[in-house]
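# Notes for the structure review
So the chains spell out like this:
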Amino acid sequence: MKMIVDSGSDLTLSQIEEKGFYFLPFGIVIDDQNKVDQYEISNEEVLAAIKNNKHPKTNQATMEQMTKVFTEVAEKKEQAIYLAFSSALSGTYQTACLVKEQVKETYPDLDLTIYDTLSASMGCGKLILDVQDKIEQSYTFEELDVYIKERIDKIRHLFTVKDLNYLASGGRLSKGQAFLGNLLNIKPLLHVEEGKLVPIEKHRGSKKLWHAIIDKMQKENSDYSDDIIYMTHADDIEEAEKIKELIQSNLSPKDVVISNIGPVICSHTGSGTVAIFYYKE
């Protein structure tokens, strides 16, 4: 069983290569130059561009990229699973389904199942790593299918940002709300609902926000002892470490793993973002 992943998962190239995943990188456009995610541009370069008042744009994986990967799967007679970036945030899932049918015209025995994860960043990445773990435990496809569908429903994302102006520029908040929020030290809490990023709460100051995160996680799952909680951040390791410490002391998970938000997701969240990913009961 082989896994296909894309840039929306925030997995690093080293993770992708170590696990032997097929990779569908997205494109990032800055100053009219299109760079291939991770191969030609880093999250540091994206954040530097944002600090210089540029607004990077992103392109989904192309039909040509998908055709090449799906054809390779077919020619090698492999069984493959593609856990795709949320269909509410990108057209990648829909395009992949179309390309799959086109490839099947030449290779009718193509054994590929595509899932809309309705997830982003390490919400998608966590699901991928957990599914790969089950593959290594020799789960059958039928068992994996049940597991994946259950986990897609259970995966949770919590996001917060330091500067509300970037959310405003992306249309998530009005410029007036962003100005007042920054002035009053308002910290938003967002999550992913039906695959879309949605604001759910606002808190004045970081400490109130941190405890709101812990409270929400406690309500959604009473036992994290068997779960690895993933965190990502964009140029704010200090905030991430503080939240990690609270998670460890209050929830006692199996582990808390912090990594950088990848170039594609960084292009939409901006600097100062911290996100937490876990399963509800």
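Residues numbered from 1 in each chain as written. Predicted model: local features only at pLDDT ≥ 70, side-chain atom pairs only at ≥ 80, totals over all residues. Heavy atoms only, no water.

Identification of the chain as DegV family protein from Mammaliicoccus sciuri is taken from an unreviewed UniProt entry.

## Points about the overall build of the chain
Inclusion rule: For the purposes of this entry, the term helix denotes a DSSP run of H or I that reaches at least four residues, the term strand denotes a run of E that reaches at least two, and both are numbered from the N terminus. The globule rule used for comparison is 2.2 Å times the number of residues to the exponent 0.38, while the radius of gyration itself is calculated over C-alpha atoms. Accessible area is worked out with a 1.4 Å probe on protein chains only. A residue is then buried under 20% of its type maximum, exposed over 50%, and partly exposed in between. Each accessible area value is a Shrake-Rupley result obtained with a 1.4 Å probe; residue values ignore everything except the protein chains displayed when judging cover. Positive charge is attributed to Lys and Arg, negative charge to Asp and Glu, and no charge count is given to His or to the chain ends. To locate a charge, take atom NZ for lysine, CZ for arginine, CG for aspartate or CD for glutamate.
Helix and strand content of the chain: eleven helices and 13 strands. In terms of C-alpha radius of gyration, the chain reaches 19 Å, essentially the compact-globule figure of 19 Å for 281 residues. Referenced to the eigenvectors of the C-alpha coordinate spread, the extents of the chain come out at roughly 60 × 45 × 30 Å. Looking at the chain as a whole, 52% of its 281 residues are labelled buried. Surface accessibility of the chain: about 13,300 Å² in total, with carbon and sulfur atoms responsible for 46%. For the chain, the distance from the average position of its 32 positive side-chain charges to the average position of its 44 negative side-chain charges is 6 Å.

## Re the packing of aromatic side chains
To keep it simple, the criterion reads: Stacked, edge-to-face and tilted labels apply to pairs of Phe, Tyr and Trp rings (six-membered ring for Trp) whose centres lie within 6.5 Å, assigned for plane angles under 30 degrees, over 60, and everything in between, in that order. In our convention, an over-ring charge means Lys NZ or Arg CZ found within 6 Å of a ring centre and within 35 degrees of that ring's normal.
With the rule as written, the count across this model stands at six aromatic pairs. Judged by centre distance (6.0 Å) and plane angle (55 degrees), the rings of Phe26 and Phe85 are tilted. You can see Phe26 sitting in the loop between strand 2 (22-24) and strand 3 (27-30) and its partner Phe85 sitting in the loop between strand 6 (79-84) and helix 4 (92-106), a full 59 residues away along the chain. You'll find Phe26 and Phe85 in the same group, each marked buried. Each ring, one from Tyr139 and one from Tyr147, has its centre 6.5 Å from the other, and the planes form 80 degrees; the classification is edge-to-face. The exposure class of Tyr139 is partly exposed, given its relative accessible area of 30%. With relative accessibility at 11%, the residue Tyr147 sits in the buried group. It is Arg151 that lies over the ring of Tyr279; its NZ or CZ is 4.5 Å from the centre.

## A few points about the packing of helix 9 (residues 206-220) against helix 10 (residues 237-251)
Just so we agree on the cut-off: For helices, the fitted axis covers only the stretch in contact; all axes are lines through C-alpha atoms, and the angles between them, taken along N-to-C directions, range from 0 to 180 degrees. Oblique is the label for any angle not covered by the other classes, which are roughly parallel (under 35 degrees), roughly antiparallel (over 145) and roughly perpendicular (65 to 115). A clockwise turn of the near helix away from the far one marks a right-handed crossing, whereas an anticlockwise turn of less than a right angle marks a left-handed crossing. Contacts are assigned to residue pairs with any non-hydrogen atoms lying within 4.5 Å of each other. When residues are sorted by character, Ala, Val, Leu, Ile, Met, Phe, Trp, Tyr, Cys and Pro go into the nonpolar class, Asp, Glu, Lys and Arg into the charged class, and all the rest, Gly among them, into the polar class.
Contact geometry of helix 9 with helix 10 gives a least axis separation of 10 Å together with a crossing angle of 40 degrees. Classified by the angle their axes make, helix 9 and helix 10 are oblique. The crossing of helix 9 and helix 10 is right-handed. On helix 10, the residues touching Ser206, Trp210, His211, Ile213, Ile214, Met217 and Gln218 of helix 9 are Glu239, Lys242, Ile243, Leu246, Ile247, Asn250 and Leu251. Residues that form the contact of helix 9 with helix 10 fall into these classes: eight nonpolar, four polar and two charged.

## Notes on the layout of surface pockets
Heads up, the rule is: Cavities and pockets were defined on a 1 Å grid built over protein atoms only: a cavity is a set of grid points that admits a 1.4 Å probe from which the probe cannot escape, a pocket is an open set flanked by protein on both sides within 12 Å along at least five of seven lines, and lining residues are those with an atom within 4 Å of any such point. Grid points are joined across faces, edges and corners, and a volume is the space filled by probe spheres set on the points.
Counted as a void, the second largest pocket has a volume near 440 Å³. Lining the second largest pocket we find 21 residues, and of these Arg151, Asp226, Asp227, Ile228 and Tyr279 sit closest to its centre. Element by element, the count of residues in the lining of the second largest pocket is highest for helix 5 (residues 121-136), at five residues. A class-by-class count of the residues in the lining of the second largest pocket yields six nonpolar, three polar and twelve charged.

## Concerning the sheet that holds strand 4 (residues 33-36)
Filter applied, for reference: The criterion for strand pairing is that DSSP finds at least two bridges linking the strands in question.
The three strands are arranged 4-3-5 in an open sheet whose pairing can be described as antiparallel. Edge positions in the sheet fall to strand 4 and strand 5 (57-59), since each has one partner strand and no second. Taken pair by pair, the neighbouring strands of this sheet meet at an average axis angle of 30 degrees, ignoring direction. Judged from the three bridges that link them, strand 3 and strand 5 form a sheet pairing that is antiparallel. In the sheet register, Val29 faces strand 5, and the bridge partner there is Lys57.

## Some thoughts on the sheet that holds strand 2
Read across the open sheet, the four strands follow the order 2-1-6-7; overall the sheet is parallel. A single partner strand is all that each edge strand has here, and the edge strands are strand 2 and strand 7 (111-116). With strand direction ignored, the average angle separating the axes of adjacent strands in the sheet is 20 degrees. As defined by bridge partners, strand 1 (residues 2-6) adjoins strand 2 across three bridges and the pair is classed as parallel. Bridge pairing in strand 2 places Asp6 opposite Leu24.

## Some words on unusual backbone geometry
We note that Asp10 has phi near 60 degrees; this positive angle belongs to a residue other than glycine. Its location among the elements puts Asp10 in the loop between strand 1 and helix 1 (13-19). A relative accessible area of 5% places Asp10 in the buried class. Its identity is not glycine, yet Asp31 carries a phi of approximately 55 degrees, on the positive side.

## Describing the side chain of Ser90
Examined against the element boundaries, Ser90 turns out to sit in the loop between strand 6 and helix 4. Exposure remark for Ser90: the relative accessible area of 12% places this residue in the buried category. Ignoring anything within four residues of it in the chain, the contact list for Ser90 reads Phe26, Gln60 and Phe85.

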